[in-house]
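Take a look at the letters that make up each chain.
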Amino acid sequence: MTVEVEGMAELKRNFKKLELEFGKEIKSALIAGGLLVETQAKNNIQDLNPGRNVTRYREGGSKKTHVAAGAAESPNTDTGALVRSITTEVKEDSVYVGTSLQYAPWLEFGTINMRPRPFLNKALLKEQGQINKLIIKAAKAAIDASTS
């Protein structure tokens with residue numbers, strides 16, 4: 001007994017179209033999600049978090065009072081370097097939000113002498129629901145585009 005299936009070529013073409021459309025839509029959603037996390041991380045640092053006053057000494061001898069955020073609070077901006085360094089980077093199949101500043105991991109994860117002051121993970125957790133919605137919307141758009 002032989003079974004013949006009609007439309008296999010068309011089915012394969014539709015799956016290929018879905019694969020291409022799905023990848024494009026999901027990548028766009030991930031980029032949008034990365035930008036949400038980047039913005040939230042910057043806001044976390046720029047919002048004044050409770051802590052204690054410390055004196056910071058600058059080159060040339062000037063000094064400035066800074067509010068050092070308490071443990072588990074996002075760090076408060078001091079020079080602005082951390083905020084300026086946070087970027088969203090798009091790779092082939094991934095989106096990364098982060099900073100290249102040497103001291104950023106010390107703030108995020110803490111040290112032997114300092115408890116964590118998370119700003120990136122806190123941003124990701126806050127935006128997680130919105131990112132999920134973006135991905136679901138992208139998946140639906142990919143399916144709609146591949147079936148039309």
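As a reminder, the structure under discussion sits directly above these lines.
Residues numbered from 1 in each chain as written. Predicted model: local features only at pLDDT ≥ 70, side-chain atom pairs only at ≥ 80, totals over all residues. Heavy atoms only, no water.

Caption draft 1: Quick look at the pattern of salt bridges. Scanning the model with the defined rule gives five salt bridges in all. Between aspartate 78 and lysine 64 there is a salt bridge, with its nearest N and O atoms 3.5 Å apart. Of this pair, aspartate 78 sits in the loop between strand S2 (63-69) and helix H2 (81-85) while lysine 64 sits in strand S2; the two residues are 14 residues apart in sequence, bridging distant segments of the chain. For aspartate 78, a relative accessible area of 21% puts it in the partly exposed group. For glutamate 89, the salt bridge is made with lysine 91, and the minimal N-O distance between the two is 3.3 Å. Of the residues examined, glutamate 89 reaches a relative accessible area of 39% and is grouped as partly exposed. A single salt-bridge network, built from bridges that share partners, covers Arg56, Arg58, Lys64 and Asp78. (Salt bridge = Lys/Arg side-chain N within 4 Å of Asp/Glu carboxyl O. Helix = DSSP H or I, 4+ residues; strand = E, 2+ residues; numbered from the N terminus. Buried < 20%, exposed > 50% of the residue type's maximum accessible area, 1.4 Å probe, protein only.)

Caption draft 2: Expanded view of the pairing of strand S3 (residues 87-90). Taken together, the four bridges between S3 and strand S4 (residues 95-98) define a ladder with antiparallel strand orientation. Within S4, the residue paired with threonine 88 across the bridge is valine 97. Counting the residues in the hairpin turn of S3 and S4 gives four residues. (Pairing = 2+ DSSP bridges.)

Caption draft 3: Summary view of the layout of surface pockets. Of the volumes computed, that of the largest pocket is approximately 450 Å³. Element by element, the count of residues in the lining of the largest pocket is highest for S2, at four residues. Taken together, the residues that form the lining of the largest pocket break down as 11 nonpolar, five polar and four charged. Within this model, the second largest pocket holds a volume of roughly 220 Å³. Surrounding the second largest pocket, Ala29, Leu30, Gly33, Gly34, Val37, Val95, Tyr96, Val97, Leu120, Asn121, Leu124 and Ile131 form its lining. Of all the elements in the fold, those that place two or more residues in the lining of the second largest pocket are helix H1 (8-46), S4 and helix H4 (120-147). With five residues, the top contributor of residues to the lining of the second largest pocket is H1. Considering only residue class, the lining of the second largest pocket consists of nine nonpolar, three polar and no charged. (1 Å grid on protein atoms, 1.4 Å probe; cavity = no way out; pocket = protein on both sides within 12 Å on 5 of 7 lines; lining within 4 Å. Points joined across faces, edges and corners; volume = space filled by probe spheres on them. Nonpolar A, V, L, I, M, F, W, Y, C, P; charged D, E, K, R; others polar.)

Caption draft 4: Representation of the nonpolar core. Counting 12 residues, the largest nonpolar core is built from Val37, Ala41, Ile45, Leu82, Val83, Ile86, Ala104, Leu107, Phe119, Leu120, Ala123 and Ile131. Looking at this core, the elements that each hand over two or more residues are H1, H2, helix H3 (104-109) and H4. Apart from the residues within four sequence positions on either side, phenylalanine 119 is in contact with Ala41, Asn44, Ile45, Ser74, Pro75, Leu82, Ile86, Thr99, Ala104, Leu107 and Glu108. (Core = buried A, V, L, I, M, F, W, Y, C linked by side-chain atoms within 4.5 Å. Contact = heavy atoms within 4.5 Å.)

Caption draft 5: Region of interest: the environment of glycine 110. With respect to the element layout, glycine 110 can be found in the loop between H3 and H4. Owing to a relative accessible area of 18%, glycine 110 belongs among the buried residues under this scheme. Separated by 39 residues in sequence, glycine 110 and alanine 71 place their C-alpha atoms 9.0 Å apart. Those residues in contact with glycine 110 that sit more than four places away from it in its chain are Pro105, Arg115 and Pro116.

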